[in-house]
Amino acid sequence: MSEARWLRRSEAWARLLLRLYPAHFREEMGEEVVEAYRDGCRAALRRGGVGSMLAVWVRALADSVCNGLGERLRPSIAWRRMGDWGRDSELVVRRLARAPLFVASMVGTLTVGLGAFAIVYAVVDEVLIEPLPYAAPEELYFVWREYAWLDLDRGSLAGTDVAALGGAGGAIAGAAGIVRETATLAAEAGGEPEEVGVMVSSPGLFPLLGARPALGRGFAASEAGPGRPPVAVLGHALWRRRFGGDPAVVGREIRLDGTPYTVLGVMGPDFRFVHQASHGAARSADLYTTFDVDLAETDPASASYAALVRARPGTSPEALAAAVGRVGRVIDERDFQGRGVKLWPVGMKEDLVARARPALVALGLAALLLVLVLLVNLATLLLVRATQREREFAISRALGADRVALVRATLLEGGALGLLSGAAAAVAAVWGTRALVALAPLDLPRRDSIGVDWGVAAVVVGTGALLGLLAGAVPAFWAAHSSLPTLLRATAVRGGGGHGRVRRGMVVLQVALALVLLSTGGLVVRSFGELLRADPGFDPGGVLTLRIPLSGDGYPDAAAVNALHERVEREIAALPGVRAVGAGQNLPLTSGTSQTGVAFPRAPGNTGDPDRDLPLVDVVPARSGYFDALGIRFLAGRPFAAGEAGTREAVIDRTLAAAFFPAGSPLGAAAVVAGTDTVTVVGVVEHARQYDVHRDGRPQIYVRSEDYPGGGLAWALRTDRPPLSLAYEAQTAIWRVDPRLAVSEIRPMEGVVDDSLRQQRVSAVLIAGFSLGALLLAGMGLYGIVAGSVTRRRHEIAVRIALGAERVQVLRLVIGEGMSLVLLGILAGVPGVWASVRLIGAVLVGISPFDPLTLVAAGASLALVALAACYLPARRAAGIEPVGLLRQE
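Residues numbered from 1 in each chain as written. Predicted model: local features only at pLDDT ≥ 70, side-chain atom pairs only at ≥ 80, totals over all residues. Heavy atoms only, no water.

Q: Describe the packing of aromatic side chains, and please don't skip the residues or the numbers.
A: Aromatic ring pairs: the centre-centre distance and the angle between the two ring planes describe each pair. Per the stated rule, a full pass over the model turns up 16 aromatic pairs. Seen in terms of ring centroids, Phe-117 and Tyr-121 are 6.0 Å apart; in terms of plane orientation they differ by 25°. Their pairing is stacked. You can see Phe-117 and its partner Tyr-121 sitting in helix 4 (residues 100-129), 4 residues apart, about one turn around the helix. Judged by relative accessible area, which is 22%, Tyr-121 ranks as partly exposed. Within the aromatic cluster, the residues linked to one another by ring pairs are Tyr-134, Phe-206, Phe-219, Phe-271, Phe-273 and Tyr-288. (Phe/Tyr/Trp six-rings, centres within 6.5 Å; stacked < 30°, edge-to-face > 60°. Helix = DSSP H or I, 4+ residues; strand = E, 2+ residues; numbered from the N terminus. Buried < 20%, exposed > 50% of the residue type's maximum accessible area, 1.4 Å probe, protein only.)

Written out as structure tokens, the structure reads:
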């Protein structure tokens, strides 16, 4: 395109931009502006081509938006009424509009950093800070049992314990027993049966929590105990999902495990009660019902209840603990002959967040460190920008501007950048929080309530504004303490003034903070790598898992249950690609197991101490194919023999074998389970980790599920095909046996393992992201300082080169000065690294908090990025042409 055509287009662009100005301005100055603009475009086109001319177009647009719209809006926004603050605010907006690249880079960087902070803050605020959504939640406590002779300091309670707490009075205002179970909800017309979580509780649970159903009513005291009418209250999610939100469901009849229940009410959308089990993850429920037994008449040795108590208003935690302890001593004397059973309370919220607290604290600390790095980075770049305006400051001071005006303008610039970034970060965090919740661990308390509300958004926007003001305070402090002669001397002399010490100090601080984040991030990532390499004791590859809960409808006795399992196993085993089929009461990493004592009466490893010789173990009822399907390795012996119930065989893990048969074989030995059932050991297997991938749990004993038919089983199908490709065929095969069966939790075993690592994965990804962000910010800050120094010292460098300095010497000079700051920053960061790694020690697995390889790698990575940040301006300095520069100056 010819120069004339480009100039005609430039003139058209100028006339278009003039429309942004008021009419009086266009009439008085329009033609002069167009002519000046055309001349500028002609010069840019001849000097740098089309690219330079387009840059003029962009600057003209920014000026027109700022000046033209500013003139139009001036009466309405009342800049003038704000006095000096209004005038300076307008000047800051104009100044920032003329530096779009600087504004875009700073706002983009701050938005990403503050967005990450907002996401973590939303999670930490909801889980750790916000009170639970119940009436007076600080008065709610879970109560647990502790046994002097068992390694179990967080045991479930017996029904008699719950009844004793409820009748204790004094500091205890009330108590409710809780048990979470699963049941099959019968299919509605055209639907499918569904497994649902059922919270079975005392009728006073809702009043204890201060909650009321949104529809209908709760439980009456008469609707509990033997012969009670089967009644239920639906959770809001189940009501919407299963019944379409129909209010007429109240009073209707639903079938759970074949038993008809009358729906009394529906809880509101904000009610979500989480039951904290004695072991395993916290679990919520889909519906609520009441006990069909009298808790005071249950077996004191059968501990399967959780207890929730409410303290009387004004009762201190110590007073409640003393009251619960007195009840525990009575129970110990009455039911255990003084063997040392204790009851102890723990705050409801503290109990629920115990598993998530270490990871969330580590994430919170990492997010705060990132905000500090952002603060220092912004302050550093604003200081560099301020030093580039020394001439402007000098002229302003010479014309009568006081220090207050300079400070005000600099603070407003930082505050405007921070406020804009905070608002953008709050918006971005809405989607970011949703993504994090989707990736968050399944047992994260109050997971469904996590989000960015107005309160979180206000904190984020306020944090951004405060960040900007604090960062702007650094150049404002420098400008306020620079005298007029100093500014004039700095303008005339290219070497810079005393503010260089402030800039260098900011770089040292930024490097120190980045080193802390890099070190903690490296340790967390290395820890997650150790988790991925951990041996869980089974092979999850190529395994599809599912659960088939059983209702009492059609399966009244053990023979009917066992016959059903035989038919299901035959149908599934006949599917193409299935190599092995097994089932057990639970699968590893999916749910808690039954725990009881086991003894080996004639084992050589017995000590004679009845307490030590009766360890608490995980008891897993399973079918014979369980071990092959899950890939649990046999160390000795064989699986269970196939056959009818009554064979009474058992398989133990290596932990039990090593403890009771240290030098011999346990095969053929007798084991007594729960003090009554004698079984024969026929095999020894590797320990399969039931609760955590990275550490062994309690010793394990597997018994034949045919001898312990306790309802539904979890199934594992080892296949040569992609596991999920088998899901529909397996479900169809099960429904061929009985279409009333609910099939739930269909997922690959590898997915189960991944879910168990989700909390660690999220922590590793976020902290690693924070660490990389801090690394890049440190590089940006160092680059800005070194590049600014090169710009200010170009006269000095030109003189050095003119006097014979080699370009290698110039490179060494610039890089050496920058890397000396990095070395000081690394040394300054060592105490922070020491403190931070001690704090995150609780979330590390398989790695020392002071792992030398990780810490050295963090320092080396920081040094390499800093070297690159110094090399780029150093290369530019070495390329200075002294003759042209000195002639120009």
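Having seen the structure, we can now continue with the description.
Q: Give me helix 8 (residues 317-336): which residues, what numbers.
A: Between its terminal C-alpha atoms helix 8 stretches 27 Å, which fits the 28 Å expected from 20 residues at 1.5 Å a residue. Within the sequence span of helix 8, burial applies to Leu-320, Ala-323, Val-324, Gly-325, Val-327, Gly-328, Ile-331, Asp-332 and Phe-336. Packing partners of the buried residues in helix 8 comprise strand 1 (140-147), helix 5 (159-166), strand 2 (172-185), strand 9 (306-311) and strand 10 (341-347). At the exit of helix 8 stands Gln-337, carrying a positive phi of roughly 55°. (Expected span 1.5 Å × (residues − 1). Contact = heavy atoms within 4.5 Å.)

Q: Can you break down the packing of helix 21 (residues 758-792) against helix 23 (residues 807-839) residue by residue, with the values?
A: Direction vectors running N to C along helix 21 and helix 23 enclose 145°, while the axes themselves pass 11 Å from each other. Once helix 21 is placed against helix 23, the crossing between them reads as right-handed. Here helix 21 contributes Leu-782, Val-786 and Val-790 to the contact with helix 23, which in turn contributes Val-814, Gly-818 and Val-822. Here the residues of the contact of helix 21 with helix 23 are counted per class, giving 5 nonpolar, 1 polar and no charged. (Axes fitted to C-alpha atoms, helices over the stretch in contact; angles between N-to-C directions. Left-handed = near helix turned anticlockwise from the far one by under 90°. Nonpolar A, V, L, I, M, F, W, Y, C, P; charged D, E, K, R; others polar.)

Q: Lay out the pattern of salt bridges with the relevant residues and their values.
A: The full count for this structure, using the stated rule, is 26 salt bridges. Residues Glu-649 and Arg-638 are paired through a salt bridge, measuring 2.9 Å at the closest nitrogen-oxygen approach. With Glu-649 in strand 16 (residues 649-653) and Arg-638 in the loop between strand 15 (634-637) and strand 16, this residue pair connects regions lying 11 residues apart in the sequence. Its relative accessible area of 37% is what places Arg-638 among the partly exposed residues. Note that Arg-704 is salt-bridged to Asp-707, the shortest N-O span being 3.3 Å. Looking at Asp-707, the relative accessible area reads 11%, which means it is buried. Salt bridges linked by common partners bring Asp-535, Arg-633, Arg-654, Glu-686, Arg-689 and Asp-696 together as one network. (Salt bridge = Lys/Arg side-chain N within 4 Å of Asp/Glu carboxyl O.)

Q: I'd like a description of empty space enclosed by the protein, backed by residues and values.
A: Here the structure, examined in full by the defined rule, presents 5 cavities of 30 Å³ or more. Put simply, the second largest cavity is a space of about 50 Å³. Elements that contribute at least two residues to the lining of the second largest cavity include exactly strand 11 (543-548) and strand 21 (744-748). With 3 residues, the single largest contributor to the lining of the second largest cavity is strand 11. (1 Å grid on protein atoms, 1.4 Å probe; cavity = no way out; pocket = protein on both sides within 12 Å on 5 of 7 lines; lining within 4 Å. Points joined across faces, edges and corners; volume = space filled by probe spheres on them.)

Q: Before we move on, could you go through the pairing of strand 20 (residues 713-719) and cite the residues and values that matter?
A: Residues in a regular strand project their side chains so that they alternate between the two faces of the sheet. Within strand 20, 7 of the 7 residues are buried, which leaves it mostly tucked inside the rest of the structure. By the alternation rule, side chains of strand 20 split into Leu-713, Trp-715, Leu-717 and Thr-719 and Ala-714, Ala-716 and Arg-718, which are all buried. Alignment of strand 11 against strand 20, held across 6 bridges, turns out to be antiparallel. The residue of strand 20 that forms the bridge with Ile-548 is Leu-713. One ladder, built from 6 bridges, connects strand 12 (residues 578-584) with strand 20; its direction is antiparallel. Residue pairing in the sheet places Gly-582 in a bridge with Ala-716 of strand 20. (Pairing = 2+ DSSP bridges.)

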